[in-house]
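Residue-level listing of the chains:
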Amino acid sequence: MPSTATPNRLQIASRVGASLLGGWAFVWGFTTLAITGLVKFGQTYKEASTAAMLLAFVVFLVAFCWAFAAASVARVWAVLAGGAALMTGAAWLLQRSLL
């Protein structure tokens, strides 16, 4: 059952931090993975970078809004930070295989 209590300052600060810092980290991982993947599949770096950066705006907007709409702030942090780490690690491994 949803709580009707007013959120305290710490909860609000955690949501704002998750939306900004977690969203930024998630988009960083997405962008690095997208650029590396597109280059791996034959696009030039400039084309891959442009495509990834254009998509990054939409991904950040979705992550930012979801951080405030989700029921659990702990889940928001886990998904955004975990996704960022996984995508950045996958991009690193993919880049290492390009060499």
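Procedures and definitions
Residues numbered from 1 in each chain as written. Predicted model: local features only at pLDDT ≥ 70, side-chain atom pairs only at ≥ 80, totals over all residues. Heavy atoms only, no water. pLDDT = per-residue confidence, 0-100. Helix = DSSP H or I, 4+ residues; strand = E, 2+ residues; numbered from the N terminus. Core = buried A, V, L, I, M, F, W, Y, C linked by side-chain atoms within 4.5 Å. Buried < 20%, exposed > 50% of the residue type's maximum accessible area, 1.4 Å probe, protein only. Contact = heavy atoms within 4.5 Å. Axes fitted to C-alpha atoms, helices over the stretch in contact; angles between N-to-C directions. Parallel < 35°, antiparallel > 145°, perpendicular 65-115°, else oblique. Left-handed = near helix turned anticlockwise from the far one by under 90°. Nonpolar A, V, L, I, M, F, W, Y, C, P; charged D, E, K, R; others polar.

## Describing the confidence of the model for the chain
Step number 1: On average, residues of the chain score 92 in pLDDT, and 94% of them are at 70 or above.
Step number 2: The least confident element of the chain, judged by mean pLDDT, is helix α3 (residues 73-98) at 93; the most confident is helix α2 (residues 45-69) at 96.

## Looking at the nonpolar core
Step number 1: Residues A18, A63, A67, A70, V76 and L80 constitute the largest nonpolar core, which totals 6 residues.
Step number 2: At the level of secondary structure, the elements contributing two or more residues to this core comprise α2 and α3.
Step number 3: Sequence-distant contacts of A63, defined by excluding residues within four places in its chain, comprise G23 and L80.
Step number 4: Within the second largest apolar cluster, 5 residues are counted, among which are F30, A56, V59 and M87.

## Quick notes on the packing of helix α1 (residues 9-40) against α2
Packed helix pairs are characterised by how far apart their axes lie and by the angle those axes make with each other.
Step number 1: At a closest axis distance of 8 Å, the pairing of α1 and α2 adopts a crossing angle of 155°. It follows from the interaxial angle that α1 and α2 lie roughly antiparallel. For the crossing formed where α1 meets α2, the hand is right-handed.
Step number 2: Per-class residue counts for the contact of α1 with α2 are 24 nonpolar, 4 polar and 1 charged.

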